[in-house]
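Given next are the chains, with one letter for each unit.
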There are 2 protein chains.
Amino acid sequence: MKNFTYHNPTRILFGKGRIADLDDHVPDNARVLILYGGGSAERTGVLDQVRTALGERTITEFGGIEPNPRYATAMKAVDTARQNDVDFLLAVGGGSVIDATKFIAAAMYHDGDAWEILTSHGSVVGKAAPFGTVLTIPATGSEMNPGSVITNEEKGAKLAFMNAHCYPQFSVLDPEVTFTLPERQIANGVADAFVHIIEQYLTYPVDARVQDGFAETLLRTLIDLGPRALRDPKNYEVRANLMWTATLALNGLIGAGVPQDWSSHMIGHEITALNDTDHARTLAVVLPALMDDQRDRKTGKLLQYAANVWNINEGEDATRIDAAIAATRDFFETMGIETRLADYGVGEAGIDHIVSALKDHGMTEMGEHGAITPEDARRILNAAA
Amino acid sequence: MKNFTYHNPTRILFGKGRIADLDDHVPDNARVLILYGGGSAERTGVLDQVRTALGERTITEFGGIEPNPRYATAMKAVDTARQNDVDFLLAVGGGSVIDATKFIAAAMYHDGDAWEILTSHGSVVGKAAPFGTVLTIPATGSEMNPGSVITNEEKGAKLAFMNAHCYPQFSVLDPEVTFTLPERQIANGVADAFVHIIEQYLTYPVDARVQDGFAETLLRTLIDLGPRALRDPKNYEVRANLMWTATLALNGLIGAGVPQDWSSHMIGHEITALNDTDHARTLAVVLPALMDDQRDRKTGKLLQYAANVWNINEGEDATRIDAAIAATRDFFETMGIETRLADYGVGEAGIDHIVSALKDHGMTEMGEHGAITPEDARRILNAAA
């Protein structure tokens, strides 16, 4: 096991009816800015639950935060926050709304050009407004981590930042608010969480029993319950387990003390940049091809994954690894997610573009060994064609 | 899954050489009181590592905190802290030293009789001195939770308290400091952590996949590595996995959203009160008998435990449950821990005394259903004779 520091101060308020408990966790005299995305938060009644819980507090609202949240939109919210002397932010939505809220919280107190927050990857952040979240989409884990990704269309850049001031003070996870999510969002969320776990698990063994066992538990839960969540959308227990799994998939716990990969994410980001394919779907395209391509570097963990996640114990090593990769691809397909570049209209020219973009963005040493180059990514993408 | 709130702000500094990082986590101008137990912290060099890391800070030291830490001793430390205008506490030791430190931290700022902290179970605590820990014995989990147990010999009482102000700010977990622990302390620590997990796991199913899978991972890790830790005391990976397992066994994570039992602890405490048997050993006596006695209430989870922890999948339900209970007992015995009351000199009169003590202490509705009475405990103790 590698040395690690683990610290996660976010308070989780989990279960039915917990939105009402906002009243206990938002300061009594707070001037609150509620941030949300499209119309679903209003339509589903979640925003009304939030307004009721906040009672007599001074509330300003800011809607319209996009998927892959935009810098320009976030900066408008910063203006709104300043104009209304807001001192507490409340994100109501999925990962995009929460990511934007983290950036807004930091930008509110940033002197100078807020773009520095992103170009410095968060290192210039010395203070952020306190904020909480009401999660509506189990997927990204942003509700219990300090990371955020913001897209600047003007500059053609999508940058991530992270800062310890950007942990949510609390996150409300009520599985019932996910009952009305479109199938596509549930499927994407399951795939996103699945690959988050894989990025921290499927590297090389460092005898981290606890982290491995926890990761395998989370993967098995997604495999078992992901399809059931689609078939039986109002099953509380299924949605509750998925919601807690997606949060634990990226809250620092399973990644503590182990090597991490993240090359599927790096390559996938460039597919989204190319043609706006859903983030989770890009991961489902890249991951099976990457597993196959990197099988010599990942042999030990691929065999462990085959045995402990898929119960594949028979046959030669290569056979078991093949079966585990095929099972992974089948799982995504069962969730309604296609796993070939062609399914998303990406051909040879697209692959050329992605490889160039990886070079342009300095993604020349990807993966847990820093050994995957853009030309390796080309080979992987060709295999995913 | 039941509704739950999960919040754990303790920062974990895990790995080789991390004691040196105290310098980054204790305030620069702190006046520190170092608290420790017997002579081992000095002998093993841990205290010297701590002193070196704290550098020029003003240090006062207070040693001699006992196993099952005493109220009178803790109050002496409170006096020492006040006399030296201490503003940061640093526990260097195992669960007893850390438990005492939590009480001292709360008592330093308590007006009136500090015994109220315990009789109120912590509800009167409104402030506590900040403190960190350097863990030397993996066992109780106190390094990452807000609970503490203090014994008042004068009043003949052993009381627990818990308060959110009593989370350690940080805990240093360096597995190398456990290399020199006596076998008995390693064995006790493994048994203690094992039963902590069981108390939160072996109740009735509420479809909490994540919590169950995490608990099973921790149990399997203890079963696999506990005996290896005795055979091969300087194996870093073994000690590292045990140390992280014992912390996660009682930091709130696996107990979030599930029913909890704790009757083995309630009954075990009275055995310790009777004849000072090591806490962990009392648990190893009570648990197998309690599993057998409560098999009708715990059938679902006993079968799951048999399959997922012990890989027992053949035979009738009763046969598999018998095998899982036998395996549990064998595990403790393999660790050198005897599992019969007679092994600790407790006979019929002792059992009478324990049953009376449970009644006197109001332990009349124990277990996850509140259905275990002192007379049920008598039956369990007779089976453990």
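Looking at an unreviewed UniProt entry, chain A carries the name NADH-dependent alcohol dehydrogenase, with the source organism given as Notoacmeibacter marinus. Its UniProt record gives chain A a comment under Cofactor (unreviewed entry), which states: "Fe cation".

(A) Fine view of the overall build of chain A. Each helix and strand in chain A was counted, giving 15 helices and 8 strands. A compact globule built from 385 residues should have a C-alpha radius of gyration of about 21 Å, and chain A, at 21 Å, falls within 12% of that. Dimensions along the principal axes, computed over C-alpha positions, put chain A at roughly 65 × 45 × 40 Å. Burial statistics for chain A: of 385 residues in total, 61% are counted as buried. Nonlocal contacts in chain A, meaning residues at least 24 apart in sequence, comprise 77% of its contacts between residues at least 6 apart. Here chain A has roughly 14100 Å² of accessible surface; of this, 47% comes from carbon and sulfur atoms. If the 33 positive side-chain charges of chain A are averaged to one point and the 52 negative ones to another, these points end up 2 Å apart.

(B) Structural context of unusual backbone geometry. Phi at Asp207(A) is positive, roughly 55 degrees, even though this residue is not glycine. With respect to the helices, strands and loops of the structure, Asp207(A) is situated in the loop between helix H7 (183–201) and helix H8 (209–231). Despite not being glycine, Asp85(B) has its phi angle at roughly 55 degrees, a positive value. Structurally, the position occupied by Asp85(B) is in the loop between helix H4 (71–83) and strand E4 (88–93). On the basis of relative accessibility, which here comes to 48%, the residue Asp85(B) falls in the partly exposed class.

(C) Quick peek at helix H5 (residues 95–107) of chain B. All names here are of chain B. For H5, spanning 13 residues, the distance from its first C-alpha to its last is 18 Å, which sits close to the expected 18 Å at 1.5 Å a residue. Counting buried residues along H5, 12 of its 13 residues qualify, which places the element largely inside the surrounding structure. Regarding H5, the residues found buried are Gly 95, Val 97, Ile 98, Asp 99, Ala 100, Thr 101, Lys 102, Phe 103, Ile 104, Ala 105, Ala 106 and Ala 107.

(D) Quick peek at the packing of aromatic side chains. Tallying each qualifying case throughout the model produces 28 aromatic pairs over all chains. Chaining the aromatic ring pairs together yields one cluster made of Phe194(A), Tyr201(A), Tyr305(A), Trp310(A), Phe331(A) and Phe332(A). Residue placement shows Lys16(B) over the ring face of Tyr236(B); its charged tip is 4.5 Å from the ring centre. Over the face of the ring belonging to Tyr109(B) we find Lys127(B), whose NZ or CZ atom lies 4.2 Å from the ring centre.

(E) Quick look at the sheet that holds strand E8 (residues 170–173) of chain B. One open sheet holds the 12 strands; their spatial order is E3(A)-E2(A)-E4(A)-E5(A)-E8(A)-E1(A)-E1(B)-E8(B)-E5(B)-E4(B)-E2(B)-E3(B), and the pairing between them is mixed. Unpaired on one side and paired on the other, strand E3 (58–62) of chain A together with strand E3 (58–62) of chain B mark the two borders of the sheet. Averaged over neighbouring strand pairs, the angle between their axes works out to 25 degrees when direction is ignored. Bridging between strand E2 (residues 31–36) of chain B and E3(B) involves 5 bridges; their strand directions are parallel. From the neighbouring strand, Leu35(B) faces E3(B), where its bridge partner is Phe62(B).

(F) Broad picture of the domain arrangement of chain A. Residue and element names in this part refer to chain A. Here chain A is partitioned into domain 1 (11–177) and domain 2 (182–383). One C-alpha centre belongs to domain 1, the other to domain 2, and the line joining them spans 27 Å. Counting residues at the interface gives 19 residues for domain 1 and 18 residues for domain 2. Buried surface at the junction of domain 1 and domain 2, summed over both partners, amounts to about 1600 Å²; 67% is from carbon and sulfur atoms. Counting the surface domain 1 buries against domain 2, the share from its top three residues, Pro 138, Ala 139 and Pro 175, is 31%. Joining domain 1 to domain 2, the criterion identifies 3 residue pairs in polar contact (both at pLDDT 80 or more).

(G) Representation of the UniProt feature "domain: Fe-containing alcohol dehydrogenase-like C-terminal" (unreviewed entry) in chain A in the model. Within this numbering scheme, the UniProt entry marks residues 187–381 of chain A as carrying the feature "domain: Fe-containing alcohol dehydrogenase-like C-terminal" (unreviewed entry). The annotated region residues 187–381 of chain A carries 67% helix and 0% strand content, and the separation between its end C-alpha atoms amounts to 22 Å.

(H) A look at the packing of helix H11 (residues 279–293) of chain A against helix H15 (residues 374–383) of chain A. Residues and elements named next belong to chain A. In the contact formed by H11 and H15, the axes pass within 8 Å of each other and the chain directions differ by 115 degrees. The way H11 lies across H15 gives a crossing that is right-handed. Side by side, H11 and H15 meet where Val 286, Ala 289, Leu 290 and Asp 293 of the first sit next to Arg 379, Ile 380 and Ala 383 of the second. Broken down by class, the residue content of the contact of H11 with H15 amounts to 5 nonpolar, no polar and 2 charged.

(I) Region of the structure containing the pairing of strand E2 (residues 31–36) of chain A. Residues and elements named next belong to chain A. Along E2, 5 of the 6 residues are buried, which leaves the element largely enclosed by surrounding structure. Looking at chain direction, E2 and strand E4 (residues 88–93) are connected through 5 bridges and run parallel. Looking at E4, one finds that Ile 34 is bridged to Leu 90.

(J) How the structure looks around the interface of chain B and chain A. At the interface, 39 residues of chain B touch 39 residues of chain A. When chain B packs against chain A, close to 3500 Å² is buried across both sides, 55% of that on carbon and sulfur atoms. Contact with chain A buries area across many residues of chain B, yet Met1(B), Arg209(B) and Trp244(B) alone supply 18% of it, more than any other trio. Where chain B touches chain A, the interface holds 2 salt bridges. The partner of Arg209(B) in a salt bridge is Asp224(A), and the shortest N-O contact between them spans 2.5 Å. At the boundary of chain B with chain A, the tally comes to 24 residue pairs in polar contact (both at pLDDT 80 or more). Per-class residue counts for the side of chain B that touches chain A are 19 nonpolar, 12 polar and 8 charged. Judged from the 7 bridges that link them, strand E1 (residues 4–14) of chain A and strand E1 (residues 4–14) of chain B form a sheet pairing that is antiparallel. The residue bridging Thr5(A) from the neighbouring strand is Leu13(B), located in E1(B).

(K) Local environment of the UniProt feature "domain: Alcohol dehydrogenase iron-type/glycerol dehydrogenase GldA" (unreviewed entry) in chain A. Feature annotation in UniProt places "domain: Alcohol dehydrogenase iron-type/glycerol dehydrogenase GldA" (unreviewed entry) on residues 9–175 of chain A, given in this structure's numbering. Across residues 9–175 of chain A one finds 29% helix and 26% strand; the C-alpha atoms that close the span lie 22 Å apart.

(L) Highlighting the relation of the copies chain B and chain A. Note on the identical chains: chain B maps onto chain A by a rotation of 180 degrees and an axial translation of 0.0 Å, with an RMSD of 0.0 Å. Taken together, the turn and the small shift mark the pair as related by a two-fold rotation axis. Considering only C-alpha atoms, the residue of chain B closest to the rotation axis is Pro9(B), which sits at 2.2 Å.

(M) Highlighting the environment of Met75(B). Residue and element names in this part refer to chain B. Looking at the secondary structure, you find Met 75 in helix H4. For Met 75, a relative accessible area of 22% translates into the label partly exposed. Sequence separation between Met 75 and Ala 100 is 25 residues, and the spatial gap between their C-alpha atoms is 9.5 Å.

(N) Summary view of the packing of helix H12 (residues 299–310) of chain B against helix H13 (residues 317–334) of chain B. Residues and elements named next belong to chain B. The geometry of H12 relative to H13 is characterised by a closest axis approach of 9 Å and an angle of 60 degrees between their N-to-C directions. With respect to each other, H12 and H13 are oriented oblique. Like other packed secondary-structure pairs, H12 and H13 cross with a definite hand, here left-handed. Contact residues: H12 offers Thr 299, Leu 302, Leu 303, Tyr 305, Ala 306 and Trp 310, while H13 offers Asp 317, Arg 320, Ile 321, Ala 324, Ala 327, Thr 328 and Phe 331. Here the residues of the contact of H12 with H13 are counted per class, giving 9 nonpolar, 2 polar and 2 charged.

Criteria and cut-off values
Residues numbered from 1 in each chain as written. Chains lettered and ligands numbered in written order. Predicted model: local features only at pLDDT ≥ 70, side-chain atom pairs only at ≥ 80, totals over all residues. Heavy atoms only, no water. UniProt positions renumbered as here; feature names shortened; annotations may be inferred. Helix = DSSP H or I, 4+ residues; strand = E, 2+ residues; numbered from the N terminus. Rg over C-alpha atoms; globule rule 2.2 N^0.38 Å. Buried < 20%, exposed > 50% of the residue type's maximum accessible area, 1.4 Å probe, protein only. Contact = heavy atoms within 4.5 Å. Areas by Shrake-Rupley, 256 points an atom, 1.4 Å probe, with all protein chains shown as cover. Lys, Arg positive; Asp, Glu negative; His and termini not counted. Charge placed at Lys NZ, Arg CZ, Asp CG, Glu CD. Expected span 1.5 Å × (residues − 1). Phe/Tyr/Trp six-rings, centres within 6.5 Å; stacked < 30°, edge-to-face > 60°. Lys NZ or Arg CZ within 6 Å of the ring centre and 35° of its normal. Pairing = 2+ DSSP bridges. Axes fitted to C-alpha atoms, helices over the stretch in contact; angles between N-to-C directions. Domains from an automatic or database assignment. Buried area = accessible area lost by both parts, 1.4 Å probe. Polar contact = N/O pair within 3.5 Å; in protein donor to acceptor, adjacent residues only side chain to side chain. Left-handed = near helix turned anticlockwise from the far one by under 90°. Nonpolar A, V, L, I, M, F, W, Y, C, P; charged D, E, K, R; others polar. Salt bridge = Lys/Arg side-chain N within 4 Å of Asp/Glu carboxyl O. Least-squares fit on C-alpha atoms with pLDDT ≥ 70 in both. Parallel < 35°, antiparallel > 145°, perpendicular 65-115°, else oblique.

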